[in-house]
Amino acid sequence: MNTTPPSPYVTLISSDGFEFIISRDAACVAGTVKKMLDPQSNFAEAISGVCTLGTINGVVLEKVCEYLYYNLKHRDAKDVPDMEIPPELCLELLMAADYLHV
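Residues numbered from 1 in each chain as written. Predicted model: local features only at pLDDT ≥ 70, side-chain atom pairs only at ≥ 80, totals over all residues. Heavy atoms only, no water.

> What should I look at first to understand the sheet that holds strand β1 (residues 9-13) in this one?
Hydrogen bonding along the main chain pairs the strands of a sheet, whether they run parallel or antiparallel. Sheet architecture is open: three strands sit in the order β2-β1-β3, paired in mixed fashion. Taken across any chain shown, the strands that pair with only one partner, and hence form the sheet edges, are β2 (19-23) and β3 (50-52). For this sheet, the mean inter-axis angle between neighbouring strands, taken without regard to orientation, is 25°. For β1 and β2, the ladder comprises five bridges, and the chain directions are antiparallel. Each residue of the ladder has a partner; that of Val10, found in β2, is Ile22. The strands touched by helix α4 (residues 58-73) are β1 and β2; relative to β2, the strand with the most contacts, the crossing angle is about 5°. (Pairing = 2+ DSSP bridges. Helix = DSSP H or I, 4+ residues; strand = E, 2+ residues; numbered from the N terminus. Axes fitted to C-alpha atoms, helices over the stretch in contact; angles between N-to-C directions. Contact = heavy atoms within 4.5 Å.)

> Would you explain the nonpolar core in this entry?
When a protein is soluble and globular, its nonpolar side chains tend to lie buried together. By size, the foremost hydrophobic cluster in this structure holds 23 residues, and its most contacted members are Leu12, Ile22, Val33, Leu61 and Val64. For this core, the secondary-structure elements that each account for two or more residues are β1, β2, α1 (24-27), α2 (31-37), α4 and α5 (90-100). At six residues, the largest contribution of residues to this core is made by α4. Contacts of Leu12, omitting those with residues within four sequence positions, involve Phe18, Glu19, Phe20, Ile22, Val33, Cys51, Leu53, Leu61 and Cys65. (Core = buried A, V, L, I, M, F, W, Y, C linked by side-chain atoms within 4.5 Å. Buried < 20%, exposed > 50% of the residue type's maximum accessible area, 1.4 Å probe, protein only.)

> Before we go on, may I ask you to explain α5 in this structure?
Structural remark: α-helix, 3.6 residues per turn; residues separated by three or four positions point the same way. Along α5, the positions that sit buried rather than exposed are Leu93, Ala96 and Leu100. For α5, the arc enclosing every buried residue in end-on projection is 65°, short of the 170-degree limit, so these residues lie on one face. Residues Leu91, Leu94, Met95 and Asp98 are exposed on α5 and point more than 90 degrees away from its buried face. Where α5 is buried, its residues contact α2 and α4. Looking at the residues trailing α5, positive phi occurs at His101, about 60°. (Arc of directions from axis to C-beta.)

This is how it looks when you write it as structure tokens:
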């Protein structure tokens with residue numbers, strides 16, 4: 001059994017091969033990623049720290065990563081300003097948010 005602590009960073013890979021290295025705390029804002037990285041899950045992602053998200057392209061995943069950090073930063077704040085979202089990404093972001101449980 002591996003007893004080394006997990007890295008504080010994880011890699012999210014988009015369907016078109018873009019890699020985003022983000023903090024584990026930010027990544028775990030997304031319920032799906034949190035379950036993938038849970039050491040008790042026995043998923044390969046929990047060991048490697050790499051999550052391949054085959055249904056999310058790089059442009060959308062970049063915005064998702066931005067949101068994960070935004071959410072983490074403002075989780076206890078009140079009157080949080082809206083995050084800028086390009087209208088052309090709204091539908092794809094909505095589908096990604098549903099898949100990732102954010």
